[in-house]
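The residues making up each chain are set out below.
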Amino acid sequence: MKLVVLTGAGISAESGLRTFRGNDGLWENEPIEAVATPEGYFRDKKRVKDFYNKLRVSLPKFQPNAAHIALAKLEERLGDDFLLITQNVDDLHERAGSKRVLHMHGYLNELRCEKNEEHIFPFTGEETMQTKCPICGAMSRPHIVWFGEIPLFMDTIEHALQTTAEFVYIGTSSVVYPAAGFKQIAKHFGAHVTCLNLEVNPNDPNTDENIQGKATEIVPRWCENFGK
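Residues numbered from 1 in each chain as written. Predicted model: local features only at pLDDT ≥ 70, side-chain atom pairs only at ≥ 80, totals over all residues. Heavy atoms only, no water.

Naming follows an unreviewed UniProt entry, where the chain appears as protein acetyllysine N-acetyltransferase of Hallerella porci.

Quick look at the structure:
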C-alpha cells in the first residue's frame with residue numbers, strides 16, 4: 001500500500017456541513033447523548049430516526065469541494081495502492097468520485113438491521129418506525145456508529161496502516177481514539193506521516209510533516225505533488 005488517507009469533519013466543513021459536535025456539546029442543536037448513543041436510540045427511536053432523516057435529506061444541498069475532488073483524482077492515479085478512511089458519515093467523497101472509501105463511523109445513505117449488524121442496505125429516503133430490514137424483516141436503524149459502539153472496518157484499517165508507505169490525516173484533530181492512534185500505528189510500521197489541517201501540533205512525535213491551512217487550498221497541492 002502506497003498511501004492511506006484519513007479524513008475528518010474539517011474536510012466537509014468547507015462544503016458547509018457542520019462538524020459532528022460543536023463547542024456547546026450539541027450536534028445540529030441536539031444533545032449528543034440523545035441522538036448519538038444506543039441509550040438515546042432505545043429511549044426515543046423516532047427522535048433519533050427523524051434526526052438522521054433531516055441530515056440525510058439535506059445532503060444534496062452540499063457539494064464536494066476541491067479537497068474531495070483532489071483525493072478522488074489521486075485515487076484514480078494510484079488505484080489499489082490508495083485507501084481512504086473517513087470519520088464522516090456524508091457522501092461527499094463518493095460524489096467526488098472516490099471508490100476505495102471506508103466509513104469507519106457509518107454512512108447516512110445506508111441503514112442496518114437492528115437485530116443483525118451485518119444486514120446493511122442502501123437507503124436515501126425517510127426512515128420511519130415501519131421501515132424494515134429487507135433481509136430478515138426486523139426493524140431498521142441508522143447505519144451510524146454511536147458513542148459506545150465499535151467503529152467499522154477496524155481489522156482492514158489496521159492491516160492497511162501496517163503496510164502503507166505514507167499516511168496522511170486531513171481535517172481532523174486526531175485526538176479522539178481510535179482514529180487518533182492511526183498515525184502512531186503507521187509511524188511504528190515505518191510510514192511517513194503527514195498532517196494537513198487548520199490547526200497543527202508541530203511537537204507531535206508521530207507526525208513527520210505538518211502543513212497548515214484550509215483543506216480546499218492545501219489538499220489539492222499536496223495531492224498534485226504526491227509521488228513526484
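Some remarks on the overall build of the chain
Assigned secondary structure in the chain consists of nine helices and 11 strands. What you see for the chain is a C-alpha radius of gyration of 18 Å, in line with the 17 Å of a compact globule of 228 residues. Residues counted as buried form 52% of the 228 residues belonging to the chain. A sequence separation of at least 24 residues applies to 61% of the contacts in the chain between residues at least 6 apart. Here the chain has roughly 11300 Å² of accessible surface; of this, 51% comes from carbon and sulfur atoms. Charge separation in the chain, taken as the distance between the mean sites of 25 positive and 31 negative side-chain charges, equals 4 Å. (Helix = DSSP H or I, 4+ residues; strand = E, 2+ residues; numbered from the N terminus. Rg over C-alpha atoms; globule rule 2.2 N^0.38 Å. Buried < 20%, exposed > 50% of the residue type's maximum accessible area, 1.4 Å probe, protein only. Contact = heavy atoms within 4.5 Å. Areas by Shrake-Rupley, 256 points an atom, 1.4 Å probe, with all protein chains shown as cover. Lys, Arg positive; Asp, Glu negative; His and termini not counted. Charge placed at Lys NZ, Arg CZ, Asp CG, Glu CD.)

Here's the deal with the sheet that holds strand E7 (residues 120–122)
Strand order in the open sheet made by the three strands is E7-E6-E8, with antiparallel pairing throughout. The two strands at the open ends of the sheet, each matched to only one other strand, are E7 and strand E8 (140–144). Across this sheet, the average inter-strand angle for adjacent strands is 45°, counted without regard to direction. With three bridges connecting them, strand E6 (residues 106–113) and E7 associate as antiparallel partners. Among the inter-strand pairings, Leu 111 is bridged to a residue of E7, identified as Phe 121. (Pairing = 2+ DSSP bridges. Axes fitted to C-alpha atoms, helices over the stretch in contact; angles between N-to-C directions.)

Structural notes on the pairing of strand E10 (residues 192–197)
With respect to burial, E10 is a largely interior element, five of its six residues being buried. Note that strand E9 (residues 166–170) and E10 share five bridges and pair parallel. The residue of E10 that forms the bridge with Tyr 169 is Cys 195. Of the pairings in the sheet, the one linking E10 to strand E11 (residues 209–212) comprises four bridges and is parallel in character.

Considering the sheet that holds strand E4 (residues 82–86)
In spatial order, the strands read E5-E4-E1-E9-E10-E11; together these six strands make up an open sheet with parallel pairing. The outermost strands of the open sheet, each flanked by one partner alone, are strand E5 (101–103) and E11. Between one strand axis and the next, the sheet turns through 15° on average, direction left out of account. The pairing of strand E1 (residues 3–7) with E4 spans five bridges and is parallel.

A closer look at the nonpolar core
Nonpolar side chains in soluble globular proteins tend to be buried together. Core analysis: the biggest nonpolar cluster contains 20 residues, and Leu 3, Val 5, Leu 74, Ile 170, Val 219 and Trp 222 have the highest contact counts within it. Put simply, the parts of the chain that give this core at least two residues each are E1, helix H5 (66–78), E4, E9 and helix H9 (215–225). In this structure, Ile 170 is in contact with Val 5, Leu 6, Thr 7, Gly 8, Ile 11, Leu 71, Leu 196, Ala 215 and Val 219, ignoring residues within four places of it in sequence. (Core = buried A, V, L, I, M, F, W, Y, C linked by side-chain atoms within 4.5 Å.)

Here we look at the environment of Ala 9
The topology assignment puts Ala 9 in helix H1 (residues 9–13). Of the residues examined, Ala 9 reaches a relative accessible area of 26% and is grouped as partly exposed. Spatially, the C-alpha atoms of Ala 9 and Tyr 52 are 17 Å apart, while their sequence positions differ by 43 residues.

Considerations on the side chain of His 68
By the element assignment, His 68 lies in helix H5. Taking the relative accessible area as the measure of exposure, His 68 reaches 0% and is therefore buried. Ignoring any residue separated from it by four or fewer positions in sequence, one finds His 68 in contact with Ile 11, Ser 12, Ser 15, Leu 92, His 93 and Ala 96.

Examining the packing of H5 against H9
Interaxial distance between H5 and H9 falls to 8 Å at its minimum, and their mutual angle equals 15°. Relative to H9, the element H5 lies roughly parallel. Between H5 and H9 lies a crossing whose hand is left-handed. Residues Ala 66, Ala 67, Ala 70, Leu 71, Leu 74 and Arg 77 of H5 form the contact with H9, whose own contacting residues are Ala 215, Thr 216, Val 219, Pro 220, Trp 222, Cys 223 and Glu 224. Tallied by class, residues from the contact of H5 with H9 come to 10 nonpolar, one polar and two charged. (Parallel < 35°, antiparallel > 145°, perpendicular 65-115°, else oblique. Left-handed = near helix turned anticlockwise from the far one by under 90°. Nonpolar A, V, L, I, M, F, W, Y, C, P; charged D, E, K, R; others polar.)

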